[in-house]
Amino acid sequence: MRSSSKNSAFGDYEPANIELPPLYSWPLRIAPALRYLFFDILFPLGFIYLALAFPIWWYFTPPLETMAVFSPDWIALLWLRNCMLLCLFAGGLHWWLHLKKQQGGLYRMNRKALATDPKAFLWGNQIKDNIFWSIASGVTIWTGYEAISYWIYASGRLPIVDNLWWGIASVYVLFFWSTLNFYVGHRFLHWRPMYQRVHSLHHRNVDIGPWSGISMHPIEHLLYFSPFVLWWFIPVHPIIIIVTGLYQALNPTVTHSGFEYLKLGSKCKVKIGDWYHQLHHQYFNLNYGNTFLPIDKWTGSWHDGSEESLHTQKAQFRKRSIS
Ligand SMILES: [Zn+2]
Ligand SMILES: [Zn+2]
């Protein structure tokens, strides 16, 4: 049992084994596949990012005329707005789940408390360290990509496409491209020289919290936030640029929360954590991508959380190490 490695104070919560999304079952079951594609992958976080993007565009983004010329003034405002969004999501979840411990150990996937290895972190504190990398590097590179993207439209280099169906299609292009980009970039970051210099910074977080989500080395941020580049070539409405930022920057804070569900009231729970990626933090050499595009399944690095799957993965890793 995996729970044997858990600190007993952290309960015995075991997430269910991970299954392939219905999109990939054969023979294809049309209704579950469509439901997955148009509802499950968006609920609830995708819908929240889409709903947030509109007021952010209307009230918290400088006018396009202003952004036609690069200036530290409007870029600083964007940085501040993004910093506040990150603090709201990561800070809010951290406060609720890890400080206030509002739901105790219920649905907790972490095996130990945060900040258990002070030597590995800046100021000897995992949380302060994660906040530093998320804001100093994460928010800065997120804002940089975003500013360039707006400038391309504001200066007339690409036309603004104001079409609902094009907007919906571009959200799916983003999901697909971001997932592929994450897998390819992540495999590259596990190449030994890159791992040692760059990606190990994220992997120091074996047990994770909301601030671990985009706590990365600047080079990893450059790769991770690169899906913005899509909109330097494919014309969209600038709201899609905001959705890209929210999805890339805020989603990891939620999926790294260390808890599979957020308990709301006595009967309601909302899926927040990503057991698939949490297993990557725990075991390191498996589950490089995510389930939406299960490249790990096709390349043999898929771990569904079961004991048998872990044994298979360990045996494969030994074989690869020897050969
Ligand atoms: Zn990794
Ligand atoms: Zn991670």
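Residues numbered from 1 in each chain as written. Chains lettered and ligands numbered in written order. Predicted model: local features only at pLDDT ≥ 70, side-chain atom pairs only at ≥ 80, totals over all residues.

Further remarks concern the overall build of the chain. For the chain, the helix and strand inventory stands at 11 helices and 2 strands. Along the chain direction, N to C, the helices and strands of the chain fall in the order α-α-α-α-α-α-α-α-β-β-α-α-α. Against the compact-globule benchmark of 20 Å for 323 residues, the chain has a radius of gyration of 20 Å, which places it among compact chains. The C-alpha extent of the chain, read off along each of the three principal axes, is 60 × 55 × 50 Å. (Helix = DSSP H or I, 4+ residues; strand = E, 2+ residues; numbered from the N terminus. Rg over C-alpha atoms; globule rule 2.2 N^0.38 Å.)

Bridge count between strand S1 (residues 261-264) and strand S2 (residues 268-271): 4 bridges; the pairing is antiparallel. Residue pairing for S2: leucine 264 is matched across the bridge by cysteine 268. (Pairing = 2+ DSSP bridges.)

The next thing to look at is the environment of tryptophan 58. Along the polypeptide, tryptophan 58 turns up in helix H2 (residues 45-59). Spatially, the C-alpha atoms of tryptophan 58 and isoleucine 272 are 28 Å apart, while their sequence positions differ by 214 residues.

For the chain, the mean per-residue pLDDT works out to 93, and 95% of the residues sit at or above 70. Note on residues 1-8: pLDDT is under 50 here. Beyond four places in sequence and across chains, it has 8 contacts. (pLDDT = per-residue confidence, 0-100. Contact = placed C-beta atoms within 7 Å.)

A few words on the packing of helix H3 (residues 72-99) against helix H4 (residues 126-154). At their nearest, the axes of H3 and H4 sit 9 Å apart, and the two run at 130° to each other. When the axes of H3 and H4 are compared, the pair comes out oblique. For the pair H3 and H4, the crossing hand works out as right-handed. Here H3 contributes Ile75, Leu78, Trp79, Asn82, Cys83, Leu86 and Ala90 to the contact with H4, which in turn contributes Ser134, Ile135, Val139, Thr140, Trp142, Thr143, Glu146 and Ala147. Here the residues of the contact of H3 with H4 sort into 10 nonpolar, 4 polar and 1 charged. (Axes fitted to C-alpha atoms, helices over the stretch in contact; angles between N-to-C directions. Parallel < 35°, antiparallel > 145°, perpendicular 65-115°, else oblique. Left-handed = near helix turned anticlockwise from the far one by under 90°. Nonpolar A, V, L, I, M, F, W, Y, C, P; charged D, E, K, R; others polar.)

Residues Leu86, Phe89, Val243, Leu246 and Leu250 are the most contacted members of the largest nonpolar core, which totals 48 residues. Mapped onto this core, the elements with two or more residues apiece are H2, H3, H4, helix H5 (164-189), helix H6 (192-203), helix H7 (218-224) and helix H8 (238-255). It is H4 that contributes the most residues to this core, 10 residues altogether. The residues touching leucine 250, leaving out its near neighbours within four places in the chain, are Tyr49, Leu85, Leu86 and Phe89. (Core = buried A, V, L, I, M, F, W, Y, C linked by C-beta atoms within 7 Å. Buried ≥ 20, exposed ≤ 12 C-beta atoms within 10 Å, placed from the backbone.)

Glancing now at unusual backbone geometry. Peptide bonds are mostly trans, and most non-glycine residues show a negative phi. The omega angle of the peptide bond from tryptophan 26 to proline 27 is 5°, so this bond is cis rather than trans. Along the chain, the position of proline 27 falls in the segment before helix H1 (30-40). In this model, phenylalanine 43 is joined to proline 44 through a cis peptide bond whose omega is -5°. Relative to the helices and strands, proline 44 resides in the loop between H1 and H2. Of note, lysine 101 is a non-glycine position whose phi angle comes to about 50°, a positive value. Along the chain, the position of lysine 101 falls in the loop between H3 and H4. Residue lysine 101 is classed as exposed on the basis of its C-beta count, with 12 C-beta atoms lying within 10 Å.

Right, let's talk about the environment of glycine 209 for a bit. With respect to the helices and strands, the residue glycine 209 is situated in the loop between H6 and H7. Taking C-alpha positions, glycine 209 is 24 Å from serine 226, a pair spaced 17 residues apart along the chain.

Let us now look at H8. Here H8 is 18 residues long and its end C-alpha atoms lie 26 Å apart, about the 26 Å a rise of 1.5 Å per residue gives. Helix geometry: H8 is bent most strongly at tyrosine 247, by close to 25°. Burial runs high along H8: 16 of the 18 residues are buried. (Expected span 1.5 Å × (residues − 1). Bend = angle between axes of the 7 residues up to and from the residue.)

Moving on, we come to the environment of proline 63. Mapped onto the secondary structure, proline 63 falls in the loop between H2 and H3. Judged by the 9 C-beta atoms lying within 10 Å of it, proline 63 is exposed. Along the backbone, proline 63 and tryptophan 74 are 11 residues apart, and their C-alpha atoms lie at a distance of 9.4 Å.

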